[in-house]
Amino acid sequence: PACPAMTNNGSSRPWLFLLTGFPGLEHVHPWIAVPISLMYFVALCGNAAILTIIRAERSLHKPMFLFLAMLAATDLCLVATTVPTVLPLFWFNVRALRFGACATQMFFIHSLSCVESGILLAMAFDRFVAISNPLRYPLIFTGSRIAKTGLLMLLRGVLFALPTPLLLRLLRYCGANALSHSFCLHQDVMKLACSDRTVNVIYGLFAVLATFGIDSLLVLLSYVVIVKTVLSIACGEERLRALDTCVSHLCAVLLFYVPLIGLTVVHRFGERASPLVHILMGFTYVLIPPMLNPVVYSIKITQIRQRIAKRLQS
């Protein structure tokens, strides 16, 4: 159904947007909410545990683990950003969301995603230097440089995400106001506009290419050099040991970029796709990386696994 519109400096926008769960399955939403809640719980506890362990153990205050702490903090914030709309929708059928709340959530989701992409790039460079030039590794990755890198990624995320809600305020919305997800995304809200959205489309494409596009290419380039360096190592056992230090990061990269690419493709070219595809891709994008990243790093990194086992036993 259409919603009331309000006028602001010659443009109108809806008072409310309607979030979407699983169409046709509204009667079982409370049951669907149970696994979703469990996934959120795992993501919250897993990333909080990673942060707590790295903060408490001084032996883990090294570049790789500091970047991992940044990744966990970003995932924790991303989960906390989507919980306020997703769980009320499935538990209590609360669908309506005001424009201001939607724009705020959208800003945090897009900025945090940009931050996570930057951190994954920094972690790729960390592995590249550690394998290709281990003697200079301590000189390059100092504490101050790691902190500056994290701050730079945060500022980049804010600067690229800030224009999206501002540009959406300039559009007119008249007619349908139902989103295709249980949370707000720029490309989703933009499609509801009935005025010219060329600027939004161009800026959205520019932001994606300037952040995720460049980051993914640099990550790929880093791994090309890493593989080339590893293949030059004579001893097979040393090759495996060097590659093993990259497995967890490579898994995190795939967990982040595969759902991101899938969601982008669905929004760009999937107008005729089933609403279920949009919903599943959205949940995969915001839930799977935060939930599985702590699991992957806990399994692959011995220090993290040992600290978790020690705390569980105590």
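Residues numbered from 1 in each chain as written. Predicted model: local features only at pLDDT ≥ 70, side-chain atom pairs only at ≥ 80, totals over all residues. Heavy atoms only, no water.

Draft legend 1. Quick look at the UniProt feature "transmembrane region" (unreviewed entry) in the protein chain. Per the UniProt record, "transmembrane region" (unreviewed entry) is annotated on residues 31-53, 65-87, 107-130, 151-171, 201-226, 247-270 and 276-297. Between the C-alpha atoms that bound residues 65-87 the distance is 32 Å, and the span itself is 100% helix and 0% strand. (UniProt positions renumbered as here; feature names shortened; annotations may be inferred. Helix = DSSP H or I, 4+ residues; strand = E, 2+ residues; numbered from the N terminus.)

Draft legend 2. The packing of aromatic side chains, seen in detail. As enumerated under the stated definition, the model contains 16 aromatic pairs in all. Centre to centre, the rings of Phe-67 and Phe-141 are 6.0 Å apart; their planes meet at 90°, and the pair counts as edge-to-face. Of this pair, Phe-67 sits in helix 2 (residues 63-92) while Phe-141 sits in the loop between helix 4 (137-140) and helix 5 (143-161), and the two are 74 residues apart along the sequence. Phe-141 carries the same exposure label as Phe-67, and that label is buried. Ring centres of Phe-212 and Phe-256 lie 6.1 Å apart, and the angle between their planes is 45°; this geometry places the pair in the tilted category. In this pair, Phe-212 is assigned in helix 8 (residues 198-231) and Phe-256 in helix 9 (residues 236-269), connecting sequence segments 44 residues apart. On the basis of relative accessibility, which here comes to 13%, the residue Phe-212 falls in the buried class. Chaining the aromatic ring pairs together yields one cluster made of Phe-67, Phe-125, Phe-128, Tyr-137 and Phe-141. (Phe/Tyr/Trp six-rings, centres within 6.5 Å; stacked < 30°, edge-to-face > 60°. Buried < 20%, exposed > 50% of the residue type's maximum accessible area, 1.4 Å probe, protein only.)

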